[in-house]
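# Residue-level structure breakdown
Given next are the chains, with one letter for each unit.
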Amino acid sequence: MELLGVIGNPIAHSLSPVMHQAALAAAGKQGIYLAFLVKPEDLGQAVRGAKALGFTGLNVTIPFKQQVLPYLDALTPEAESIQSVNTIAFTGGRIVGHSTDGIGFAAAAEHELGYDFTGKTVLVIGAGGAARAIVAQLLSQQCRVYVTNRTEARAFTLLDLAGKDPARLTVVPMQPQNLESIMAQVDAVVNTTPVGMKQQAAQPELPIPAELLLPQHLVIDIIYNPKQTLFLELARQKGCRTQNGVGMLVWQAVKAWEFWWGITPPAQVMYQAVEDALKASLR
Ligand code: NAP
């Protein structure tokens, strides 16, 4: 019996249990995947406890993706470069941290749209944890990346990701006139802020003005609830190709399986589990 779970706080909203449990059943794997609400002061005990109990692995979500680092024995290069972990494997007596957020993001575009980011020019809106993983992935695919963020100083904290090639990553102020000057060169626009999420209805609902979008842009919003944010809807009206955050959610989970067992789970089953859970949340 494989023991798995996701640790976070809050955790009740997590779709990981339904997604992984559906995949376990479809793949004929004996396993159980649960969500665990962990207090920040208990994080180390939770990770060591899972190891002691014989867990195969864990997923890690807000707010522990960075906080979990001191409790791990080793990091994969992906986790090392962004100093963030969303997947843990208990393997050979060691606790190994990995990040599948960036590769999951790229895999979603590849599998849903046949889109390859290699060498593309991308505007990333936001500079938090998800942006960090996505920017690192894009840079690993030789992209030219622009980052814009409400708090400009935070966008500059991503510059270390560009390593020896700083010219490939530029911070752009969020004022429309600054953004406008780069939009013609951009192939894809990615919203990594929560602006447009259900719970944020009282906030401004667009991460950047939709007038800045051009029909040639691929527009991705990593929000998955709602599936169609106002930003995606306006992008679609402008003639842009669009993608929501369900794909990233599913493919980061697919990549977690590849890390735990070296096998690819049935992604369509995971998509269906997420769609069903999102529909149920609307009722
Ligand atoms: P985070 O680390 O807290 O970063 C949030 C970012 O959004 C920051 O850059 C922040 O700007 C910006 N932001 C927040 N509220 C804003 C507002 N009202 N106006 C403008 N900018 C705002 O969060 P995260 O972990 O990166 O997650 C961000 C979003 O991605 C969430 O909606 C999350 O659900 C989603 N996500 C989706 C997936 C997926 O699999 N689809 C995976 C991870 C995350 P400041 O620096 O100015 O605060």
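Going along each chain's sequence as written, the residues are numbered from 1 onward. Per-residue local features of the predicted model are confined to residues with pLDDT of at least 70, and side-chain atom pairs are confined, for both listing and counting, to 80 or more; whole-chain, interface and lining totals are unaffected and use all residues. Heavy atoms throughout the structure, all of them, feed into the side-chain values; hydrogens and water do not.

### Side note on the packing of aromatic side chains
Pairing of aromatic rings covers Phe, Tyr and Trp, the last through its six-membered ring, and needs centres within 6.5 Å; plane angles under 30 degrees mean stacked, over 60 mean edge-to-face, and all others mean tilted. Evaluated as defined, the whole model comprises five aromatic pairs. Arranged with centres 5.3 Å apart and planes meeting at 25 degrees, the rings of F105 and F117 form a pair that is stacked. Of this pair, F105 sits in helix α4 (residues 101-113) while F117 sits in the loop between α4 and β7 (121-125), and the two are 12 residues apart along the sequence. Categorising residues by exposure relies on relative accessible area from a 1.4 Å probe, with only protein chains included: less than 20% of the type maximum marks a residue as buried, more than 50% marks it as exposed, and the intermediate range marks it as partly exposed. The buried category is assigned to F105, whose relative accessible area is 2%. The class for F117 is buried, based on a relative accessible area of 1%. Strands here are runs of E lasting at least two residues and helices are runs of H or I lasting at least four, both read from the DSSP assignment and numbered beginning at the N terminus.

### Digging into the packing of α4 against helix α5 (residues 129-140)
One can describe the packing of α4 onto α5 by two numbers: an axis separation of 7 Å at closest approach and a directional angle of 65 degrees. Here α4 lies roughly perpendicular to α5, going by the angle between them. The two elements α4 and α5 meet at a crossing, and its hand is right-handed. Mapping the contact onto sequence places D101, G102, I103, F105 and A106 in α4 and A133, I134, Q137 and L138 in α5. Under this grouping Gly is polar, as are all residues other than the nonpolar Ala, Val, Leu, Ile, Met, Phe, Trp, Tyr, Cys and Pro and the charged Asp, Glu, Lys and Arg. Along the lines of polarity and charge, the residues of the contact of α4 with α5 split into six nonpolar, two polar and one charged. Structural elements are reduced to axes, namely lines fitted to C-alpha atoms, with helices fitted over the stretch in contact, and the angle between N-to-C directions of any two is expressed from 0 to 180 degrees. Geometric relationships in this document are graded by angle, where less than 35 degrees denotes roughly parallel, more than 145 denotes roughly antiparallel, 65 to 115 denotes roughly perpendicular, and other angles denote oblique. The crossing is said to be left-handed when, going from far helix to near helix, the turn is anticlockwise and less than a right angle, and right-handed when the turn is clockwise. Throughout, a contact is declared for two residues whenever any of their heavy atoms are within 4.5 Å.

### Regarding the domain arrangement of the protein chain
Residue ranges for the domains originate in an automatic or database domain assignment. The domain boundaries assigned to the protein chain delineate domain 1 (2-99 + 247-281) and domain 2 (115-244). Inter-centroid distance (C-alpha atoms) of domain 1 to domain 2 is 26 Å. Each partner contributes residues to the interface: domain 1 has nine residues there, and domain 2 has 10 residues. In total, domain 1 and domain 2 occlude about 870 Å² of area from one another, counting both sides; carbon and sulfur atoms represent 62% of this. In short, buried area is how much 1.4 Å probe accessible area vanishes from two parts on joining, totalled over both. On the domain 1 side of the contact with domain 2, I82, M248 and L278 bury the most area, a combined 51% of that side's loss. Here, a salt bridge means any Lys or Arg side-chain nitrogen found within 4 Å of an Asp or Glu carboxyl oxygen. Between the two partners, domain 1 and domain 2, sit one salt bridge. A salt bridge links K227 to E275; the nearest nitrogen and oxygen atoms lie 2.5 Å apart. What qualifies as a polar contact is a pair of N or O atoms within 3.5 Å, subject to a donor-acceptor requirement within protein and to the restriction that residues adjacent in sequence count only when both atoms come from side chains. At the boundary of domain 1 with domain 2, the tally comes to two residue pairs in polar contact (both at pLDDT 80 or more). Going through the elements one at a time, α3 (77-82), α9 (246-261) and α10 (267-282) are the ones with two or more residues in the side of domain 1 that touches domain 2.

### Focus: the environment of L53
Mapped onto the fold, L53 is located in the loop between α2 (43-52) and β3 (57-60). Of the residues examined, L53 reaches a relative accessible area of 61% and is grouped as exposed. Taking C-alpha positions, L53 is 33 Å from S281, a pair spaced 228 residues apart along the chain.

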